[in-house]
Amino acid sequence: MAPGGGICKEVCESRSAFADYDVTTANLELRSSPFRKATTGVGGKHGMPSTSGVHELLECPVCMDLMHPPIHQCPNGHTLCSNCKARVHNCCPTCRFELGNIRCLALEKIAESLELPCRYQIFGCHDIFPYYSKLKHEQNCQFRPYSCPYAGAECSVTGDIPLLVMHLKDDHKVDMHDGCTFNHRYVKSNPQEVENATWMLTVFNCFGRQFCLHFEAFHLGMAPVYMAFLRFMGDENEARKFSYSLEVGGYGRKLIWQGVPRSIRDSHKMVRDSQDGLVIQRKLALFFSGGERQQLKLKVAGRIWKEQ
Ligand SMILES: [Zn+2]
Ligand SMILES: [Zn+2]
Ligand SMILES: [Zn+2]
Ligand SMILES: [Zn+2]
């Protein structure tokens, strides 16, 4: 073994604990990946090289992601993606040889010649992409699953809109309402406790689509506030076709907000942080509630309409 080989080995071992973790999580993801299902069993008969065989060659052995240029290899030919190369301290995770800086141009070229279906094929995307543009497409594919719009708890459920509507109803016990106008009452005792975790979600069914009305309490800088906003269960280009208004008030005062629902592709936190909704200072909210500071009692009236 070359001088310094021992050091390399030590680094590799501590690194491979890290790498093992990555492989496990990546595997979990792959097992449920529709892409996997879509390509398994394509070709591979009579000893011909199969698409799935090439596909496996293009998987980084450490993170299991598909590799993109620059693809690296060790002097023994083991390949590695550039992200993982930066993490393994110049030591091949397969044979523990010093990695150096060798590109695997042959594999990069083979990848370039491949055309693969979008990984969301089973959700209805029928496009085929050159290998290197596939990833970019998938990040924006309109068939990619949505994340659960429920906020306040980590929920990892993803799926299409009908699935998520069922999931919100069955698993999060979210209130569902039909109609494009609403009058919603938010009552909370102990309004002095403005916790980031105080939030509520109601789903409205109108124009055959679903909208999520969020109501929550949080600190905007130092100031405790309440915020109500609407998210559209669909993509941004469709969300733009709708508008909504929210009104809250009492004792001769009124706050009115008019906005465009945000797509649930935008995370709940992103919408909240951009303050794209009706923001009510707590003092005012308590005034609207009757000013006794015993209870928050807000009546939020709203309307959703379709822009022509
Ligand atoms: Zn990798
Ligand atoms: Zn190697
Ligand atoms: Zn697609
Ligand atoms: Zn959920």
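Bear in mind the structure is a predicted one, so any value in this text is a computation, not a measurement.

Participant: Explain the overall build of the chain to me, please; I cannot follow it from the model alone.
Facilitator: Secondary structure summary: the chain contains 10 helices and 17 strands in total. Taking all contacts inside the chain whose residues are at least 6 apart in sequence as the whole, residues at least 24 apart take part in 52%.

Participant: Help me out: how do you make sense of the pairing of strand E17 (residues 295-306) in this one?
Facilitator: Regular strands have side chains that alternate between both faces of the sheet. In this sheet, E17 lies alongside strand E9 (residues 181-189) in antiparallel orientation, the contact comprising nine bridges. Bridge pairing links threonine 181 to arginine 303 in E17. Bridging between strand E13 (residues 242-250) and E17 involves seven bridges; their strand directions are antiparallel. Paired with valine 248 across the strands is valine 300, a residue of E17.

Participant: Can you walk me through the nonpolar core in this structure?
Facilitator: By size, the foremost hydrophobic cluster in this structure holds 37 residues, and its most contacted members are Phe211, Ala228 and Leu278. Residue assignment for this core shows that the elements contributing at least two residues are helix H7 (161-170), strand E10 (199-206), strand E11 (209-220), strand E12 (223-232), E13, strand E16 (278-281), helix H10 (282-288) and E17. With six residues, the top contributor of residues to this core is E12. Among all residues touching phenylalanine 211, those that are not within four sequence positions of it are Phe204, Leu230, Arg231, Phe232, Met233, Pro261 and Ile304. If you look at the next biggest cluster of nonpolar residues, it comprises 17 residues, including Cys74, Cys81, Val88 and Leu99.

Participant: Just checking my understanding: could you explain the pairing of E16 for this structure?
Facilitator: Residues Leu278 and Ile280 point to one face of E16 and are all buried, whereas Val279 and Gln281, pointing to the other face, are not buried. When E12 meets E16, the two strands line up antiparallel, connected through four bridges. Bridge assignment links valine 225 to a residue of E16, and that residue is glutamine 281.

Participant: Sorry if this is basic, but what is going on with the sheet that holds strand E1 (residues 72-73) here?
Facilitator: Spatial ordering of the open sheet is given by E2-E1-E3, a layout of three strands whose pairing is antiparallel. A single partner strand is all that each edge strand has here, and the edge strands are strand E2 (79-80) and strand E3 (102-103). In this sheet, E3 lies alongside E1 in antiparallel orientation, the contact comprising two bridges. The residue of E3 that forms the bridge with histidine 72 is arginine 103.

Participant: In this structure, what is going on with the UniProt feature "domain: RING-type" (unreviewed entry) in the chain? I would like to understand it.
Facilitator: Under the UniProt annotation, "domain: RING-type" (unreviewed entry) lies at residues 60-96. For the annotated span residues 60-96, helix accounts for 11% and strand for 11% of the residues, and the straight-line distance between the end C-alpha atoms is 16 Å.

Participant: Whenever I open this one, the environment of tyrosine 186 confuses me. Can you help?
Facilitator: Within the secondary structure, tyrosine 186 sits in strand E9. For tyrosine 186, a count of 20 C-beta atoms within 10 Å gives the class buried. Beyond its immediate chain neighbours, meaning those up to four positions away, tyrosine 186 contacts Met200, Phe215, Leu296, Leu298 and Val300.

Participant: Sorry if this is basic, but what is going on with unusual backbone geometry here?
Facilitator: Going from proline 69 to proline 70, the amide bond is cis rather than trans, its omega being -5°. Looking at the secondary structure, you find proline 70 in the loop between helix H3 (51-57) and E1. Positive phi values are uncommon outside glycine, yet asparagine 90 reaches one of about 60°. Note on placement: asparagine 90 falls in the loop between helix H4 (82-85) and E3.

Participant: Just to check I follow, could you spell out the environment of arginine 303 for this structure?
Facilitator: Position of arginine 303 among the secondary structure elements: in strand E17. The class of arginine 303 is partly exposed, set by 15 C-beta atoms lying within 10 Å. Here the alpha-carbon distance between arginine 303 and cysteine 180, two residues 123 residues apart in the chain, equals 5.6 Å. Contact partners of arginine 303, with chain neighbours within four places excluded, come to Cys180, Thr181, Tyr244 and Ser245.

Participant: Please explain the sheet that holds E9 as it appears in this structure.
Facilitator: Strand pairing in a sheet is mediated by backbone hydrogen bonds. Such pairs are either parallel or antiparallel. Taken in spatial order, the four strands make up an open sheet running E9-E17-E13-E14, and their pairing is antiparallel. On the outer flanks of this sheet lie E9 and strand E14 (253-259), each paired with one strand and no other. Ignoring which end each strand starts from, the neighbouring axes of this sheet average 20° apart. Sheet topology note: the E13/E14 ladder contains seven bridges and is antiparallel. Residue serine 245 lies in a different strand from E14, and its bridge partner there is glutamine 258.

Participant: Quick question: what am I supposed to make of the confidence of the model for the chain here?
Facilitator: Do not read the predicted coordinates in detail wherever pLDDT is low. For the chain, the average pLDDT comes to 81, and 79% of its residues sit at 70 or higher. When mean pLDDT is compared element by element in the chain, strand E15 (residues 262-263) scores highest at 96, while helix H2 (residues 34-39) scores lowest at 38. In this model residues 1-49 is a low-confidence stretch, pLDDT under 50, and it forms 51 contacts with partners more than four residues away in sequence or in other chains.

Definitions and limits used
Residues numbered from 1 in each chain as written. Chains lettered and ligands numbered in written order. Predicted model: local features only at pLDDT ≥ 70, side-chain atom pairs only at ≥ 80, totals over all residues. Helix = DSSP H or I, 4+ residues; strand = E, 2+ residues; numbered from the N terminus. Contact = placed C-beta atoms within 7 Å. Pairing = 2+ DSSP bridges. Core = buried A, V, L, I, M, F, W, Y, C linked by C-beta atoms within 7 Å. Buried ≥ 20, exposed ≤ 12 C-beta atoms within 10 Å, placed from the backbone. UniProt positions renumbered as here; feature names shortened; annotations may be inferred. Axes fitted to C-alpha atoms, helices over the stretch in contact; angles between N-to-C directions. pLDDT = per-residue confidence, 0-100.

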